[in-house]
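Structural description and commentary
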Amino acid sequence: MNTIESAVSTDAKASGPLTDQSVAKQLLFGNVLEENLFPYPAINDRDREVLGMIVESIDRFLEGKQADFARWDRAARQPDEFVQSLRELGLFGLIIPEEFGGLGLSNAAYARVLAQTSSYDSSVSLTIGAHSSIGMKGLLLFGTAEQKARYLPKLATGEMIAAFCLTESGAGSDAAAIRTAAKRNADGSFTLNGEKLWITNGGIADFYTVFARTDGPEGKVTAFIVEAAWPGVSHGAHEDKMGIRASCTTTVAFNDVRVPAENVLGEVGKGFKVAMGILNNGRTGLGGGAVGGMKALIRRSVAQAQERKQFDRSISEYGLVREKIAQMTVECFAAESAVWMVAHYIDSGCEDYSVEAAITKVFASEAMQRTAYESLQIAGGNGYMRELPYEQYVRDARILPIFEGTNEILRLYIALSSL
Ligand SMILES: Cc1cc2nc3c(=O)[nH]c(=O)nc-3n(C[C@H](O)[C@H](O)[C@H](O)COP(=O)(O)OP(=O)(O)OC[C@H]3O[C@@H](n4cnc5c(N)ncnc54)[C@H](O)[C@@H]3O)c2cc1C
């Protein structure tokens, strides 16, 4: 039984955490905020039931597709029929409330779903995760009732797939340096011009959350909902990447795109707050994915170490190999516990979890890097060959410390909070 599932059987919390306080920030003052740490969170009954069914259907659908994933990795493309199957499984509606046709999963249960898909293939998690964790998360967090009614039902079925458009050629870590501009027209609408870079789902999305300059007294950046079908919206070719190759990464360009005033997401000039709100809230998805990848690798490494014989013994008998497996297990357990805890803070209505979310992203992404590296090492030369999935895990994992905020920037943020 894993950490998340074992949490299921613990008693529900009597009183819940102090929602106006942050465990990590208190720790920076040397305080242990026991109210928010104990008891360890439990999953609610409804989530447990739905989660069980989703995990089972993911297993049924993805099991046995390893050769397809390797082929799609080489071809750098997920077939349309496969994306259609993801729609039919309901995997685009995971966190959308039931009233809009989604499954209404909590942040914690969602992280668990991404762990399951990542145990098969990271690109699958990317397609689903870019949609839910960042693509349409802004609509859930900051959208008006009218915007939600208009878009959420289509996003829940996957009739519309979502993408998050922040990065530009001159604005990566320094997101405030974006140059895509939205000029306000006399009728209140905006005209959008600019180009976004490396957008996950860029080529298959119908719904873009776009950040653009609207320099004004209210602030510099505004978030907009932009439909791919509108005149002036286009995307570039599929990028040829090191890893997560089957996931779709493209540029997205806006050429004199008219965006109606009702498609402003949040408030005019407050787009930076929208972007950070989305990224903070979405980090547990990435952490959950890393945990799923680690578990799959630990399973493989244990089997590999037991099967392979050198010097007349199974290599699992050698201390240096055992140490690697022990370390992977330690890191996986710690990453899963932290991701689950932070997801629980989000689900409990905690207002300030940005440092905790940054910590889980840094730790889980780096734990996954080390696990992928050591797992390949245990497999030796076989691990380096493309017939086995180790090398793909290493390539796929390499993105984790780079996107959704580089680990350097997140470390700066953690340090800044303590200083
Ligand atoms: C496959 C892929 C998918 C992506 N998907 C999306 C997406 O869906 N939507 C989207 O908007 N973006 C996306 N991105 C962009 C991603 O978020 C950026 O690559 C990331 O934010 C880093 O920006 P950069 O690559 O320009 O690196 P830079 O900002 O140029 O940084 C280069 C290096 O310098 C370091 N650095 C920068 N500033 C500092 C500092 N002040 N102190 C210390 N170190 C610093 C960085 O940590 C990094 O190591 C994606 C990128 C890739 C590769």
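Computed from a predicted structure; not experimentally measured. (Residues numbered from 1 in each chain as written. Predicted model: local features only at pLDDT ≥ 70, side-chain atom pairs only at ≥ 80, totals over all residues.)

A separate point is the site of the ligand. Taken together, the neighbourhood of the ligand is formed by 20 residues, with Thr167, Gly172, Ser173, Thr406 and Glu408 sitting nearest. Listing elements by their share of the shell around the ligand, those giving two or more residues are strand S1 (162-165), strand S3 (190-200) and helix H15 (407-418). Looking at the shell around the ligand residue by residue, the classes come out as 12 nonpolar, 6 polar and 2 charged. Counting residues domain by domain, the shell around the ligand receives three or more from each of domain 2 (162-272) and domain 3 (274-418). (Near = placed C-beta within 6 Å. Helix = DSSP H or I, 4+ residues; strand = E, 2+ residues; numbered from the N terminus. Nonpolar A, V, L, I, M, F, W, Y, C, P; charged D, E, K, R; others polar. Domains from an automatic or database assignment.)

Looking now at the domain arrangement of the protein chain. Examined at the domain level, the protein chain breaks down into domain 1 (32-157), domain 2 (162-272) and domain 3 (274-418). On a C-alpha basis, the centres of domain 1 and domain 2 stand 23 Å from each other. Facing the 23 residues of domain 1 at the interface are 20 residues of domain 2. Per-element accounting of the side of domain 1 that touches domain 2 gives the leading share, 8 residues, to helix H8 (residues 122-135). Across the side of domain 1 that touches domain 2, the residue classes tally to 11 nonpolar, 9 polar and 3 charged. (Contact = placed C-beta atoms within 7 Å.)

Glancing now at the pairing of strand S7 (residues 249-259). Here 8 bridges tie S3 to S7, and the two strands are oriented antiparallel to one another. Bridge pairing in S7 links Phe190 to Val259. Direction of pairing for strand S6 (residues 233-235) relative to S7: antiparallel, over a ladder of 3 bridges. For His235, the partnering residue across the bridge sits in S7 and is Val252. (Pairing = 2+ DSSP bridges.)

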